[in-house]
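If you want the building blocks of each chain, they are given just below.
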Amino acid sequence: DAGVIQSPRHEVTEMGQEVTLRCKPISGHNSLFWYRQTMMRGLELLIYFNNNVPIDDSGMPEDRFSAKMPNASFSTLKIQPSEPRDSAVYFCAILLGEKLFFGSGTQLSVL
Amino acid sequence: DAKTTQPTSMDCAEGRAANLPCNHSTISGNEYVYWYRQIHSQGPQYIIHGLKNNETNEMASLIITEDRKSSTLILPHATLRDTAVYYCIVRPYNAGNMLTFGGGTRLMVKP
């Protein structure tokens, strides 16, 4: 969706490396969500922000995962150190009214 | 979010109506029914939502039973491009609440 830009589109890295996923949403939203999708576990909510403040990070799998939202136009999801089991598609989404708009996702492969 | 139950997969002939059911027997009075779909390699896309009245838009129709314990998403004339995973979700009408996805129904539209 043109309203949520994610980068990179694909990321291949080696185990142990730091990975930073980026999300640039359009303005007008109050809430931003990070999801992870795998074949085994489906679409999982990792964390969401309201007005740039993290509200619920109970879905973040481990301390290796962290997310920030310094302003309404930018958010990052960082994995440090990365592991092969982190391989997945990571989606950023925003809530506009009652509709969620998703980005195209970042496909992460950790070798 | 209240739990929903959907069939794992369904087939539909191209040009025919696709009727996707969803059970949400524990839905609360303030919870809406939302439908999203995810086409392969894309982020989920909003389709429609409703509270208790039937709803229709350019994409689909939503039929909610009188007791609100189940609903049906109707694609009136399915095309091959409607092949996707369809998610039924219930949540309060309250911007900022986290929105969780279940397994969804994998709809295959066949020529």
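Residues numbered from 1 in each chain as written. Chains lettered and ligands numbered in written order. Predicted model: local features only at pLDDT ≥ 70, side-chain atom pairs only at ≥ 80, totals over all residues. Heavy atoms only, no water.

Section: the environment of Leu108 of chain A
Residues and elements named next belong to chain A.
- On the secondary structure map, Leu108 appears in strand 11 (residues 106-110).
- As a C-alpha pair, Leu108 and Pro84 span 24 residues in sequence and 9.5 Å in three-dimensional space.
- Setting aside chain neighbours within four positions, we find Leu108 in contact with Glu11, Thr13, Val19, Ile79, Asp86, Ser87, Ala88 and Tyr90. (Helix = DSSP H or I, 4+ residues; strand = E, 2+ residues; numbered from the N terminus. Contact = heavy atoms within 4.5 Å.)

Thoughts on the interface of chain A and chain B
- In this assembly, 19 residues from chain A lie in contact with 20 residues from chain B.
- Taken together, both faces of the contact between chain A and chain B bury some 1500 Å²; the carbon and sulfur share is 57%.
- On the chain A side of the contact with chain B, Leu43, Glu98 and Leu100 of chain A bury the most area, a combined 38% of that side's loss.
- Seen at the junction of chain A and chain B, the total is 1 salt bridge.
- For the pair chain A and chain B, the number of links is 4 residue pairs in polar contact (both at pLDDT 80 or more). (Buried area = accessible area lost by both parts, 1.4 Å probe. Salt bridge = Lys/Arg side-chain N within 4 Å of Asp/Glu carboxyl O. Polar contact = N/O pair within 3.5 Å; in protein donor to acceptor, adjacent residues only side chain to side chain.)

Looking at the environment of Asp11 of chain B
Residues and elements named next belong to chain B.
- Residue placement: Asp11 occurs in strand 1 (residues 9-13).
- The spacing of Asp11 and Pro92 is 81 residues in sequence and 31 Å in space, taken between C-alpha atoms.
- Those residues in contact with Asp11 that sit more than four places away from it in its chain are Leu107, Met108 and Lys110.
- Within the structure, the side chain of Asp11 is placed 3.0 Å from the side chain of Lys110, a separation counted as a polar contact.

That is the geometry; function is a separate question.
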